[in-house]
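Listed below are the residues making up each chain.
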Amino acid sequence: MRASVPALRRAGIQAAGLALFLFIPLVLFLFVRHPRPVAGSLAAGLALMLGHRLLARPYMERVLPIKCVWCNRVVPAVLDSSTRTLDLAAGGTIQPARCCAAHLAPAARFFALLAAARWVLRGGIFIPLALLLAALAAAGLGWPAALPAATALFQLAVGFTVLAASLAYPAMPGPASRAAIAVPFPVHNFFLLGVRNLLWIFRLVGLWWVYAGIVYWLGK
């Protein structure tokens, strides 16, 4: 008989993952909507980013043996025929992520896509983020002229990047070997809600942000 995780602990695990995930939209709200004072929004967003990493990584380490990285289901702690392990390389270590047996293939394709397209994806996210942070800092110092354009560029570029990744992964061939797949983004974020749920958020937010960015630039 499989040793299942008690229901109360499963609920606590899922609630903690959701609470940690909510840091991300809060940071994005502070950066994209930047309520006044802009310098305060920037400082709060940066503090939340740092605090999130300090909390989310220990959470990942706790749930790594008992949570499907794809569907977010809490699985039995004992490895059996119903689950598999997908090795992810991040931060100089190998993370043996658990997957339901049926979810190993899509998870492997998704992380293989991130590894293969890492420079394109990083450029599509981190370059516009750096520009937005610089514009927020300038606005906080009294030079807000570049902030609307930097915000619209961030939404358009990041929206397109995450939308493309969320739609392209099924066409990605699975890894050719059992070697660990390098993850070019903070791996702990994928364990908060599970990759499948994150992909739906990417699609919805990506469509919204692409639309918002296009409307801004067409109106220039």
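One can find the structure itself at the top, above this paragraph.
Described in the following lines is the structure provided in the data block. What you see is a predicted model, and the numbers here were worked out from it, not measured in a lab.

About the thresholds
- Residues numbered from 1 in each chain as written.
- Predicted model: local features only at pLDDT ≥ 70, side-chain atom pairs only at ≥ 80, totals over all residues.
- Heavy atoms only, no water.
- Core = buried A, V, L, I, M, F, W, Y, C linked by side-chain atoms within 4.5 Å.
- Buried < 20%, exposed > 50% of the residue type's maximum accessible area, 1.4 Å probe, protein only.
- Helix = DSSP H or I, 4+ residues; strand = E, 2+ residues; numbered from the N terminus.
- Contact = heavy atoms within 4.5 Å.
- Pairing = 2+ DSSP bridges.
- Axes fitted to C-alpha atoms, helices over the stretch in contact; angles between N-to-C directions.
- Parallel < 35°, antiparallel > 145°, perpendicular 65-115°, else oblique.
- Left-handed = near helix turned anticlockwise from the far one by under 90°.
- Nonpolar A, V, L, I, M, F, W, Y, C, P; charged D, E, K, R; others polar.

### A look at the nonpolar core
Moving on, step 1. Ranked by internal contacts, the top residues of the largest apolar core, which has 44 residues, are Val69, Trp70, Leu86, Phe110, Phe111 and Phe190.
Moving on, step 2. For this core, the secondary-structure elements that each account for two or more residues are helix 1 (7-21), helix 3 (38-63), strand 1 (83-90), strand 2 (93-100), helix 4 (104-116) and helix 7 (195-218).
Moving on, step 3. Top element by residues in this core is helix 4. It accounts for eight residues.
Moving on, step 4. Excluding anything up to four places from it in sequence, Phe110 contacts Trp70, Tyr169, Phe190, Val195 and Leu199.
Moving on, step 5. Formed by 16 residues, the second largest nonpolar core is a distinct cluster that contains Val27, Leu132, Ala139 and Trp209.

### Some details on the sheet that holds strand 2
Across a sheet, strands are paired by hydrogen bonds formed along the backbone, either parallel or antiparallel in direction.
Moving on, step 1. The strand order across the open sheet built from three strands is 2-1-3, with neighbouring strands paired in mixed fashion. Looking at which strands have only one partner, the edges of the open sheet turn out to be strand 2 and strand 3 (181-182).
Moving on, step 2. Across two bridges, strand 1 lies against strand 3 in parallel orientation. Paired with Leu88 across the bridge in strand 3 is Ile181.
Moving on, step 3. The sheet contacts of helix 4 involve strand 1, strand 2 and strand 3, and relative to strand 1 the element is tilted by about 10 degrees.

### Overview of the side chain of Gln155
Moving on, step 1. Mapped onto the elements, Gln155 comes out in helix 6 (residues 147-168).
Moving on, step 2. Since its relative accessible area comes to 12%, Gln155 is described here as buried.
Moving on, step 3. Non-local contacts of Gln155, meaning those with residues more than four positions away in its chain, are made with Val32, Phe160, Trp209, Val210 and Ala212.

### Quick word on the packing of helix 1 against helix 3
Moving on, step 1. Two elements in contact, helix 1 and helix 3, have axes whose closest approach is 10 Å; the angle formed by their N-to-C orientations is 155 degrees. Relative to helix 3, the element helix 1 lies roughly antiparallel. Between helix 1 and helix 3 lies a crossing of left-handed hand. Listed contacts from helix 3 to Ile13, Ala16, Gly17 and Leu20 of helix 1 are His52, Leu55, Ala56, Tyr59 and Val63.
Moving on, step 2. Across the contact of helix 1 with helix 3, the residue classes break down as seven nonpolar, two polar and no charged.

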